[in-house]
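One-letter residues, chain by chain:
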Amino acid sequence: MKINLYQVFTRLFGNTNTNNRAWGSIDENGVGKFSDFNDVALKAITDMGFTHIWYTGALHHAMVTGYPDCKLPGDDPDVVKGRAGSPYSIKDYYNVNPDLADNPANRLEEFEALIERSHRHGLKVILDIVPNHVARDYHSSGAPAGVEDFGAGDDVSMEYRRDNDFYYIPGQAFQVPKWEHGYQVLGGEAHPGADGFFKEDPAKWTGNGSRSARPHMHDWYEAVKINFGVKPDGSHDFPSLPAGFAEKDCEAHFEFWQSQDVPGSWKKFRAIVSFWLEKGIDGFRYDMAEMVPCEFWSYLNSGIKMKNPEAFLLAEIYQPPIYRDFIRLGKMDYLYDKVQLYDCLRAIMQGQGSTDAIIGIQHELSDISCHMLHFLENHDEQRIASPEFAGDARKGMPAMVLSATISSGPTMVYFGQHVGEAAAERAGYGHPSRTSIYDYVGVPAHQAWMNGGLFDGGALSKKGLELHQFYSRLLNFSKDSAALSGEYMEIHSFNRAHTEWYNDRVFSYARWKNEERLIIVCNFDARDRFGFELQLPPQLQVNWSLQQGRHLLSDMLSDFQGQLLLEGSYAHVRIDLAPLQSLILKLE
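Residues numbered from 1 in each chain as written. Predicted model: local features only at pLDDT ≥ 70, side-chain atom pairs only at ≥ 80, totals over all residues. Heavy atoms only, no water.

Peer 1: Quick question: what am I supposed to make of the layout of surface pockets here?
Peer 2: A probe as big as a water molecule, rolled over the atoms, marks out the empty space that is left. Of the voids in this model, the largest pocket is the one considered here, and its volume is about 1100 Å³. Lys 81, Tyr 429, Gly 430, Ile 437 and Tyr 438 are, among the 38 residues lining the largest pocket, the residues nearest its centre. Empty space within the second largest pocket amounts to approximately 260 Å³. Lining the second largest pocket we find 13 residues, and of these Gln 362, Ser 366, Ser 369, Ile 406 and Tyr 488 sit closest to its centre. For the lining of the second largest pocket, the elements supplying multiple residues, two or more each, are helix H10 (356-364) and strand S15 (487-490). For the lining of the second largest pocket, the class distribution of residues is 3 nonpolar, 7 polar and 3 charged. Among the domains, domain 1 (4-140 + 235-480) and domain 2 (483-587) are the pair contributing at least three residues each to the lining of the second largest pocket. (1 Å grid on protein atoms, 1.4 Å probe; cavity = no way out; pocket = protein on both sides within 12 Å on 5 of 7 lines; lining within 4 Å. Points joined across faces, edges and corners; volume = space filled by probe spheres on them. Helix = DSSP H or I, 4+ residues; strand = E, 2+ residues; numbered from the N terminus. Nonpolar A, V, L, I, M, F, W, Y, C, P; charged D, E, K, R; others polar. Domains from an automatic or database assignment.)

Structure follows, in structure tokens:
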């Protein structure tokens, strides 16, 4: 079964409030809850064809809202982005966001119940781990006995010590960034904590590695960097993996680390993931994994695999030269395919790129294609429907077909993507085009799909409902298709050379395994329709043992049927593509 991952921003998913006041409070703008993922909602998600769900922002992170009855004060707004806070500024790895609980005092139990509900609906549950940095005011209220907070045993007089959890700037206190371009904390609202001061002495290195006691406002000033045994000069203060370990399995990696002395931060993160595995979490998405040494990932992931060999381990990573190290040495299952396929498809969707570029990307990644996770939206990227990206969610349809079918790797969809969410709201921190991860806000197109808790799309426009139906049909097909776990051959270049009217706004390829054989053709042009006699190269005819004569083809996305004709060595099928149309033609 092919993995289809649904990324949901937990705070926003169930929110039905439509006020959307900039910098609005939780009372003004509302918030979603764990309980909003009820049986109706989870069935709607699985009905779309999803196998895994990533509950983004579930962990307790820095936030201005406080819960004094639970002895959880709000964080200093000078070091919080937005009012609701960044989900990547974790302040307690052993508990969850109190905003998301019906009873904040029972928030962990409510999340455990959500894990169980998700499993009952056949969904594997994915949780964020953010190893590179934590909130400036990290403090765990839920850590098991004997577990120390990050930094609790640090020698703060030293910039670096191997077993310090943080890096320090001795002799200098932290200073809040100098705000520019008219930015005001909480939009200028009076707040006792918005005084331009946060007590941290000595200052720590900032999350993105800034070594200034007063980081820039565009630095990750709300977070502090974790020390993994990398000295300030970049050299390593931990053991290296022996030669040849790229070919070793997780058990060999695990056994190697059992006898090694490793930095304290490594042990803390192993304890964190073990805690969540015992709660039923099925895997982790690792934020900015490339900013942490590959050896650490070998240590962490091999330990996870010893507890759960089927665990889903996904790395956010943007450097192609180190992809293979993170897979083979770091024991990652999957990596973001952002800087290659996503960026290429984005340019094509915007009318600025050629489909010819896809060939080189797939060739370069051919040996690791099954490890590459494809997506068109996530919490960091602009919404397809936003004017800043494509201005029309339908322009993502051919790219979605390609993303879901060109390899056996997982496909990820962000909540609201399948109904054309445009993220036009000015929520507070940040700008429109990306659904806010920092503030309390409603998500209009998603709210229309929720339709007051029915999750039937009843309040969607005709276009929104058609888009949702397209995604559902595609994802359900891709989940169960045998061919998508099999062989791949691009037929684009052959048709570019031999087929009249075929062009670089179209892309075509074949997939097959056992008896299932597919021809996939995508038209990325939003204005023009194209017609041509699509040809199958001689090698594909051999691979498929194609017999002379006519063969019925059925489209998996519509009711269309066509015929593949093999006459001598000339195999062809008539293709007529409307703007933004794709065909997944199955050989009957």
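Anyway, onward from the coordinates.
Peer 1: Help me out: how do you make sense of the pairing of strand S1 (residues 4-9) in this one?
Peer 2: Each regular strand displays side chains that alternate between the two surfaces of the sheet. The element S1 is largely enclosed, with a buried count of 6 among its 6 residues. Burial along S1 is two-sided: the residues Asn 4, Tyr 6 and Val 8 and Leu 5, Gln 7 and Phe 9 are all buried. Pairing of S1 with strand S14 (residues 411-414), which is carried by 4 bridges, proceeds in the parallel orientation. Bridge pairing in S14 links Asn 4 to Thr 411. (Buried < 20%, exposed > 50% of the residue type's maximum accessible area, 1.4 Å probe, protein only. Pairing = 2+ DSSP bridges.)

Peer 1: In this structure, what is going on with the packing of helix H9 (residues 338-349) against H10? I would like to understand it.
Peer 2: Packed helices, taken two at a time, are described by the angle their axes make and the gap between the axes. Running from N to C, H9 and H10 cross one another at 175 degrees; their axes reach a closest spacing of 10 Å. By the angle class used here, H9 and H10 are roughly antiparallel. When H9 is examined against H10, the residues Gln 340, Leu 341, Cys 344, Leu 345 and Ile 348 are found in contact with a partner set consisting of Ala 357, Ile 358, Ile 361, Gln 362 and Glu 364. Considering only residue class, the contact of H9 with H10 consists of 7 nonpolar, 2 polar and 1 charged. (Axes fitted to C-alpha atoms, helices over the stretch in contact; angles between N-to-C directions. Parallel < 35°, antiparallel > 145°, perpendicular 65-115°, else oblique. Contact = heavy atoms within 4.5 Å.)

Peer 1: Honestly, the environment of Val 156 in this entry has me stumped. Any pointers?
Peer 2: The topology assignment puts Val 156 in the loop between strand S6 (133-135) and strand S7 (168-169). Classification of Val 156 as partly exposed rests on a relative accessible area of 37%. As a C-alpha pair, Val 156 and Asp 201 span 45 residues in sequence and 8.9 Å in three-dimensional space. If we ignore the near neighbours within four places in the chain, the residues touching Val 156 are Tyr 168, Pro 170 and Pro 202.

Peer 1: When you look at the sheet that holds strand S5 (residues 124-129) in this model, what are you seeing that I'm missing?
Peer 2: In any sheet, the strands associate via hydrogen bonds between backbone groups, in a parallel or an antiparallel arrangement. With parallel pairing, the 8 strands of this closed barrel are ordered in space as S1-S2-S5-S10-S11-S12-S13-S14. In this sheet, adjacent strand axes meet at a mean angle of 30 degrees when their direction is disregarded. Across 5 bridges, the pairing between S1 and strand S2 (residues 52-56) is parallel. Note that in S2 the partner of Tyr 6 across the bridge is Ile 53. The strands touched by helix H6 (residues 264-278) within the sheet are S5 and strand S10 (283-286), with S5 carrying the most contacts at an inclination of about 155 degrees.

Peer 1: Sorry if this is basic, but what is going on with the domain arrangement of the protein chain here?
Peer 2: How big an interface is tends to be stated in terms of the accessible area lost upon association of its parts. Each domain of the protein chain was delimited in the assignment, giving domain 1 (4-140 + 235-480) and domain 2 (483-587). Its C-alpha centre places domain 1 at a distance of 34 Å from the equivalent point of domain 2. Taking both partners together, domain 1 and domain 2 bury about 2200 Å²; carbon and sulfur atoms supply 67% of that area. At the boundary of domain 1 with domain 2, the tally comes to 1 salt bridge. Where Arg 496 meets Asp 356, a salt bridge forms, and the shortest distance between an N and an O atom there is 2.9 Å. Our count for the contact surface shared by domain 1 and domain 2 stands at 11 residue pairs in polar contact (both at pLDDT 80 or more). (Buried area = accessible area lost by both parts, 1.4 Å probe. Salt bridge = Lys/Arg side-chain N within 4 Å of Asp/Glu carboxyl O. Polar contact = N/O pair within 3.5 Å; in protein donor to acceptor, adjacent residues only side chain to side chain.)

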